[in-house]
4 protein chains.
Amino acid sequence: MSVRQQFASDNYAGICPEAWQAMQQANAGSLPAYGEDEWTVRAADAFRTLFDTDCEVFFVFNGTAANSLALASLCQSYNSVICSPFAHVETDECGAPEFFSNGSKLLAARTDSAKLRPQDVRTLATCRTDIHYPKPRAVTITQPTETGELYTLEEIRALSATCRELGLRLHMDGSRFANACAALGCSPADMTWKAGVDVLCFGGTKNGMAVGEAILFFDRAMAEGFDYRCKQAGQLASKMRFLSAPWVGLLESGAWLRNGAHGNACATRLADAIKDVPGLELMFPVQANALFLRASEKVFTALRERGWRFYTFIGGGARFMFAWDADPARVDELAADIVACSA
Amino acid sequence: MSVRQQFASDNYAGICPEAWQAMQQANAGSLPAYGEDEWTVRAADAFRTLFDTDCEVFFVFNGTAANSLALASLCQSYNSVICSPFAHVETDECGAPEFFSNGSKLLAARTDSAKLRPQDVRTLATCRTDIHYPKPRAVTITQPTETGELYTLEEIRALSATCRELGLRLHMDGSRFANACAALGCSPADMTWKAGVDVLCFGGTKNGMAVGEAILFFDRAMAEGFDYRCKQAGQLASKMRFLSAPWVGLLESGAWLRNGAHGNACATRLADAIKDVPGLELMFPVQANALFLRASEKVFTALRERGWRFYTFIGGGARFMFAWDADPARVDELAADIVACSA
Amino acid sequence: MSVRQQFASDNYAGICPEAWQAMQQANAGSLPAYGEDEWTVRAADAFRTLFDTDCEVFFVFNGTAANSLALASLCQSYNSVICSPFAHVETDECGAPEFFSNGSKLLAARTDSAKLRPQDVRTLATCRTDIHYPKPRAVTITQPTETGELYTLEEIRALSATCRELGLRLHMDGSRFANACAALGCSPADMTWKAGVDVLCFGGTKNGMAVGEAILFFDRAMAEGFDYRCKQAGQLASKMRFLSAPWVGLLESGAWLRNGAHGNACATRLADAIKDVPGLELMFPVQANALFLRASEKVFTALRERGWRFYTFIGGGARFMFAWDADPARVDELAADIVACSA
Amino acid sequence: MSVRQQFASDNYAGICPEAWQAMQQANAGSLPAYGEDEWTVRAADAFRTLFDTDCEVFFVFNGTAANSLALASLCQSYNSVICSPFAHVETDECGAPEFFSNGSKLLAARTDSAKLRPQDVRTLATCRTDIHYPKPRAVTITQPTETGELYTLEEIRALSATCRELGLRLHMDGSRFANACAALGCSPADMTWKAGVDVLCFGGTKNGMAVGEAILFFDRAMAEGFDYRCKQAGQLASKMRFLSAPWVGLLESGAWLRNGAHGNACATRLADAIKDVPGLELMFPVQANALFLRASEKVFTALRERGWRFYTFIGGGARFMFAWDADPARVDELAADIVACSA
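Note that this is a predicted model, so its numbers are computed, not measured.

Attention now goes to helix α12 (residues 255–274) of chain C. Helix length check: α12(C), at 20 residues, gives a terminal C-alpha distance of 29 Å against a target of 28 Å (1.5 Å per residue), a fit within 8%. Taken together, the buried positions of α12(C) are A255(C), W256(C), N259(C), G260(C), G263(C), N264(C), C266(C), A267(C), L270(C), A271(C) and I274(C).

Spelled out as structure tokens, the structure:
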């Protein structure tokens, strides 16, 4: 099973050493189940320290569930959620948000950008005020976006100000949150609760864990009953320590941020290597760990023939994603092949 | 975090060596996500070999989800599921089956036994035939039961015959399936599809994994769309290899059965040590890895004072559960303390 | 279609004259849809006058929806609802409460009585406090009960005091609310909000309408979003005036109470006529418009042979229900036949 | 409450004489509940006669429920439904389809037309084949459309051929089905099952009833369990005769078709009167009972000042809808006012 590294997805990576080591330490002896163990307490505390606030923290299995449960907790079934048309919850969750909420409709903004703007929110939140249309109750943004772009702190603050004005709650899908922190060089607190984010889903899987995401409620009142919600929805791990210990490994060691920075650096490395090649175009600014390449079908075919795997589901461009384990030498190989195939 | 071993739950145990080693091997290189990897193929094949049939196999995160999704796939929202009043889905899943199925009602038999009998099924399935009552569509049995008892093969066959006659499907909650196989000494095939079971949830967590359960559909037609169902319900792991590789470790090495046998042996060891002590009573026959002890509150208090943790949620008795990691010496300590406290 | 009157159900009756006349008056000209019409305003005001409070009023199609939507608005999916084992929502709604709430579990008290007692509520609300069991959030009582019995005002107050102490909300299924008011001779306010009821479903169909129930929220804050909930759940009538005008006819004329009193009087009339017949027994005190008769199967067969229809789903007794249109002469025929068949 | 007739909605009309008379006849004596009465049998048979096929017929309260339940019966929660972006289920049902189906996503075609074309269906049904996107299972078309346009029989046949090829089921939202039949002059059978429609929701409310829609399954196998589904979803009327008798009145007398034709004629009457006025434009061909007028805001304001009510939610144009009760003289008044305001 020795395979040459691919950059089709940051889910192709394994478990990073810090997370692995923590799991190994946690795998000792008999410990209480369902989160009553010390690792889980310690992981939750590590989040509180990192975010510099006494938030409520929950650990669930994957991003589908994290985002869907968070949105369901902000809405009733007759509410709606405003999102970008690029939002993963809209395009790649097989109706999970609607399932977990029992019917909350996603309202995708009419925009060509993955980044939602305050006016997008305002338009969707105010265009209908009758009961024949689901009442908007939450806004979800992905940071970094599905196109690898970043909201600035100012942009997040502007969005949250609009949300507050309109009675909406702000959710952040942070499946690659660490990449955003590393790229913007700001603190987790600055990017979330200090900017008006109500709930954050912090991705652990893409950050180097085997499985697991964290959900942070910055307003504890909003978290009422969320433990029951997780249990009922099949998201309460019995051997919780194996979901929480890797977080201890990632957060206490600083690996969470290093992993993010590394992925970002590899994306930039590739961008730098190919940006001046004629016939190629970067579809979006490379701001985090993704690079979207527009090129001719001939180029893509040639790359595939050289063994490269990649997806083209966004705008027909080739997506390359870099995880914590991306090998710079292999990035250079990819760059060289892209250049060669474009010649 | 060095704690003396407890037998309050078989979820207190960690990851067994065979599962751990497979995870370690799987944690190499970049592999496709969402189950498109070789570990997942291999794990599914290992199940097909073990069960000697070309069944459909799905991997999900926990037992709540496994059982609830399986039942939801057998039912529509207006159907009902017949179960024992002791069934975990009825007593300890916080309404998960109703949530996943969007309303399928559980019909608990009126019996004092954790083992459902054909006449229990018949009574509930035929007492109402009007549309004001949810139409029974499935039966779920737990093997071994929540009280540590076992259905014999004859009993399972009798239940499935009744199910077939009444147009019901038979689901087996096998969160401790390995313990049942070890105890009865029969093959997985004999206990399931050869006895008329339609769908099995095979527990991995209690069998020595960190997280993960397998769902086996013996009739492939019943599995139609189940992959979408898992995805929508937040049960599709992106780094699937870490849910599947441990199964490879457990199944290919035979550890799954050894682990089950070991837990069973420890329960028997405790039973043998205390069975003749005056004032104590075994609430149920010790047939798998659980022992339920009826004793005076004074005895329980004394045990707690000696540091033992246990639950009393079934009939007020003390429950002791033995996992793959149970230390016989520690079992003997428990036995000695029980004897001492009962004196 | 001229059929001799039956007392199998109070749903066998048609539309009473006062409701009919109001529909006829409402069937004039072009009026705004979805409740923006004057009839709907007038009907809601009539409820506020009748209940002597500024409650929120909603009109839906039937009792299944009224009760299920009301309970869904009091709960989240992971909550549970405490009820009597005789409760219609538990026994005859085909899982509707679970469907509308997306999984809220009904917890039926272990009692042989249709009347829930404070200790029943307390037991169910406090027996479990872990997240593996759905958190109790509401209590539902039926007034009069499915067995034709009545809660006294003192009993309702005692229940609501227990609810308040335990953080539970109190819902009243009043599908025959008018019968209860007539029987107890108390005001609608006394029996509901003054006694601590949070939400009432007031039955219109059994009270003489073609279709329609009213939902009253005595605390307006609890009604937030309920208009959207009704719309989404298919319970917002486009030509709302035909759901609301009959209420104007019933309430403004006092017919609602006369209808209830008439049904009650017929039940008492039958009870008086047969109470001393050897071999017969009234299963429950006759306090409203129902009479449950225990007799030998031979008696029931003889009655059926004489053309009488009745149900025996509660305890095997014969149920007779009397609506606003019950003909006393026909009640006397029934009494005579019962006496004759018992001879 | 004498108000001058408005054409803002065909829900502003009352009950037509034929439906009223049938209700009056049905309001006699005591009849079995829940559809076990003769009126319900007779209404279902009238549909079978009208459609010339032995279809399954169900009666529910309103269009929201009819369409949502029908779609839910065709899908599982992880399926999706292809529709026009103008579809009422997408724009005006407050998330009801998602609620009743527990999450089936509506996929609105990217088109500016209310009429779905085979290529729209094909594009949406084939653009994604991975489990991260809900699997298309049904197509819904509205006949006539929300813009008052008609699918020809050829167009319906072409759509159903595409559906069959792609494994999709075809649902028709016929809230104004009678208008379509009257306009096309074809038989109900030709427009539905003979053209490949699987399920039809036939609107009764807009056709002259107080409340009520019929759901017709042309393939009886698809209707399995639908009676339970209706019950659980709060759509089973206890006094069913009042939902079914009006259908007897409408269908047996031919009023259903006359009512449709009358509304259509009024729309045409208005169109003829204003079509040559400078500055006005018909937004869509007037093919059924709706007329959409594009004009300056000044014209709309002037019309409102003259007391006319109308909606502008589709493309900013004024919508006028004509029901069975539209008064031609009043239509002429509207025409005259439009002409005058445009001068």
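Right, picking up where we left off after that structure.
Residues and elements named next belong to chain A. With respect to topology, three strands assemble into an open sheet ordered β8-β9-β10, the strand pairing being antiparallel. Of all strands in the sheet, those bounded by a partner on one side alone are β8 (281–282) and β10 (318–321). Lying on the sheet, helix α12 (residues 255–274) is in contact with β8, β9 (290–294) and β10; it crosses β9 at an angle near 30°.

When chain B is brought onto chain A, the operation consists of a screw motion whose angular component is 180° and whose axial shift is 0.0 Å, with 0.0 Å RMSD remaining. Viewed as a symmetry operation, the transformation between the two copies matches a two-fold axis. Closest approach to the rotation axis among the C-alpha atoms of chain B is made by F61(B), whose C-alpha sits 3.6 Å away. Here 100% of the contact residues of chain B are again contact residues in chain A; the copies associate through an equivalent surface.

Before going further, it helps to examine the UniProt feature "domain: Aromatic amino acid beta-eliminating lyase/threonine aldolase" (unreviewed entry) in chain A. As recorded in UniProt, the feature "domain: Aromatic amino acid beta-eliminating lyase/threonine aldolase" (unreviewed entry) lies at residues 6–293 of chain A. Counted over residues 6–293 of chain A, helix gives 42% and strand 15%. Its end C-alpha atoms are 16 Å apart.

Attention now moves to the side chain of Q235(A). Of note, Q235(A) is situated in the loop between α10 (226–232) and α11 (241–253). Residues in contact with Q235(A), not counting those within four places in the same chain, are F59(A), V60(A), F61(A), N62(A), A65(A), L69(A), C230(A), N62(B), A233(B), G234(B) and Q235(B).

Turning to the relation of the copies chain D and chain A, a few remarks are in order. The operation relating chain D to chain A is a screw motion whose rotation component is 180°, with 0.0 Å of axial translation and a residual RMSD of 0.0 Å. A high fraction, 100%, of the interface residues of chain D reappear at the interface in chain A, so the copies pair face to face through one surface.

Counting residues at the interface gives 54 residues for chain B, matched by 54 residues for chain A. Counting each side, the surface lost to burial between chain B and chain A is near 4,700 Å², with a carbon and sulfur contribution of 57%. In this assembly, chain B and chain A are joined by two salt bridges. Across the pair E93(B) and K231(A) runs a salt bridge, and its minimum N-O distance is 3.0 Å. Counting across the chain B and chain A interface gives 34 residue pairs in polar contact (both at pLDDT 80 or more). Put simply, the parts of the chain that give the side of chain B that touches chain A at least two residues each are α1 (17–26), α2 (38–51), α3 (63–74), α5 (96–101), α10 (226–232) and α11 (241–253) of chain B. Considering only residue class, the side of chain B that touches chain A consists of 26 nonpolar, 18 polar and ten charged.

All names here are of chain D. Closest axis-to-axis distance for the helix α8 (residues 177–184)/helix α12 (residues 255–274) pair is 8 Å, and the angle between their directions is 75°. On the basis of the axis angle, α8 is roughly perpendicular to α12. Contacts between α8 and α12 involve A178, N179, C181, A182 and A183 on the former and, on the latter, W256, L257, G260, A261 and N264. Residue composition of the contact of α8 with α12, grouped by class: seven nonpolar, three polar and no charged.

Okay, the domain arrangement of chain A next. All names here are of chain A. Here chain A is described as being made up of domain 1 (17–253) and domain 2 (256–342). Put simply, the middle of domain 1 and the middle of domain 2, counted by C-alpha atoms, are 27 Å apart. With 23 residues of domain 1 at the interface, the matching set in domain 2 holds 19 residues. Of the roughly 1,800 Å² buried at the junction of domain 1 and domain 2 (both faces included), carbon and sulfur atoms supply 57%. By the criterion of area lost to domain 2, the three top residues of domain 1 are T147, R176 and N179, representing 23% of everything that side buries. Our count for the domain 1 to domain 2 interface comes out at one salt bridge. R258 serves as the salt-bridge partner of E18, at 3.3 Å between the closest nitrogen and oxygen. Broken down by secondary-structure element, the contributors of at least two residues to the side of domain 1 that touches domain 2 are α1 (17–26), α8 (177–184) and α11. Per-element tally for the side of domain 1 that touches domain 2: the top contributor is α8, with five residues. Counted by class, the side of domain 1 that touches domain 2 contains 13 nonpolar, six polar and four charged residues.

What follows covers the pairing of strand β5 (residues 169–174) of chain C. Residue and element names in this part refer to chain C. Most of β5 is tucked away, with five of its six residues classed as buried. With five bridges connecting them, strand β4 (residues 135–142) and β5 associate as parallel partners. Counted as the bridge partner of V139 is L170 from β5. What joins β4 to β5 is helix α7 (residues 153–166), and the crossover it makes is right-handed. Both β5 and strand β6 (residues 199–203) contribute to a ladder of four bridges, which runs parallel. Paired with G174 across the bridge in β6 is F202.

This paragraph deals with the sheet that holds strand β10 (residues 318–321) of chain C. All names here are of chain C. The sheet built from three strands is open, its strands ordered β8-β9-β10 with antiparallel pairing. Looking along the sheet, the strands with just one partner apiece sit at the ends: β8 (281–282) and β10. Each of β8, β9 (290–294) and β10 touches α12; the most contacted strand, β9, lies at about 30° to it.

Moving on: the packing of aromatic side chains. In total, this model carries 94 aromatic pairs over all chains according to the counting rule given. With centroids separated by 6.1 Å and ring planes inclined at 45°, the aromatic side chains of F47(A) and F59(A) adopt a geometry described as tilted. On the criterion of sequence distance, the pair formed by F47(A) in helix α2 (residues 38–51) and F59(A) in strand β1 (residues 56–60) is long-range, its members being twelve residues apart. Each of the two residues, F47(A) as well as F59(A), counts as buried. Aromatic side chains F51(B) and F202(B) sit 6.2 Å apart centroid to centroid with 75° between the ring planes, which places their arrangement in the edge-to-face category. In this pair, F51(B) is assigned in helix α2 and F202(B) in strand β6 (residues 199–203), connecting sequence segments 151 residues apart. Of the two residues, F51(B) and F202(B), neither departs from the other in class, the shared state being buried. Taken together, F47(A), F51(A), F59(A), F177(A), F202(A), F218(A), W247(A) and W256(A) form an aromatic cluster joined through their ring pairs.

In this section: the confidence of the model for chain A. When pLDDT is averaged across chain A, the result is 97; 99% of the residues are at 70 or more. In the predicted assembly, ipTM is 0.97 and pTM is 0.97.

On the side of chain A, 20 residues touch chain D, which itself brings 20 residues to the contact. Three residues, C94(D), N102(D) and K105(D), lead the burial of chain D against chain A; their summed loss comes to 34% of the area buried on that side. For the interface between chain D and chain A, the tally reads six salt bridges. When the shortest N-O distance is used, the salt bridge between D92(D) and R128(A) registers 2.9 Å. Here chain D is connected to chain A by twelve residue pairs in polar contact (both at pLDDT 80 or more). For the side of chain D that touches chain A, the secondary-structure elements that each account for two or more residues are α4 (88–91), α5 (96–101) and β3 (105–108) of chain D. Taken together, the residues of the side of chain D that touches chain A break down into seven nonpolar, six polar and seven charged.

What counts, and where the lines are drawn
- Residues numbered from 1 in each chain as written.
- Chains lettered and ligands numbered in written order.
- Predicted model: local features only at pLDDT ≥ 70, side-chain atom pairs only at ≥ 80, totals over all residues.
- Heavy atoms only, no water.
- Helix = DSSP H or I, 4+ residues; strand = E, 2+ residues; numbered from the N terminus.
- Expected span 1.5 Å × (residues − 1).
- Buried < 20%, exposed > 50% of the residue type's maximum accessible area, 1.4 Å probe, protein only.
- Pairing = 2+ DSSP bridges.
- Contact = heavy atoms within 4.5 Å.
- Axes fitted to C-alpha atoms, helices over the stretch in contact; angles between N-to-C directions.
- Least-squares fit on C-alpha atoms with pLDDT ≥ 70 in both.
- UniProt positions renumbered as here; feature names shortened; annotations may be inferred.
- Buried area = accessible area lost by both parts, 1.4 Å probe.
- Salt bridge = Lys/Arg side-chain N within 4 Å of Asp/Glu carboxyl O.
- Polar contact = N/O pair within 3.5 Å; in protein donor to acceptor, adjacent residues only side chain to side chain.
- Nonpolar A, V, L, I, M, F, W, Y, C, P; charged D, E, K, R; others polar.
- Parallel < 35°, antiparallel > 145°, perpendicular 65-115°, else oblique.
- Domains from an automatic or database assignment.
- Right-handed = clockwise from strand over helix to strand, strands pointing away.
- Phe/Tyr/Trp six-rings, centres within 6.5 Å; stacked < 30°, edge-to-face > 60°.
- pLDDT = per-residue confidence, 0-100.

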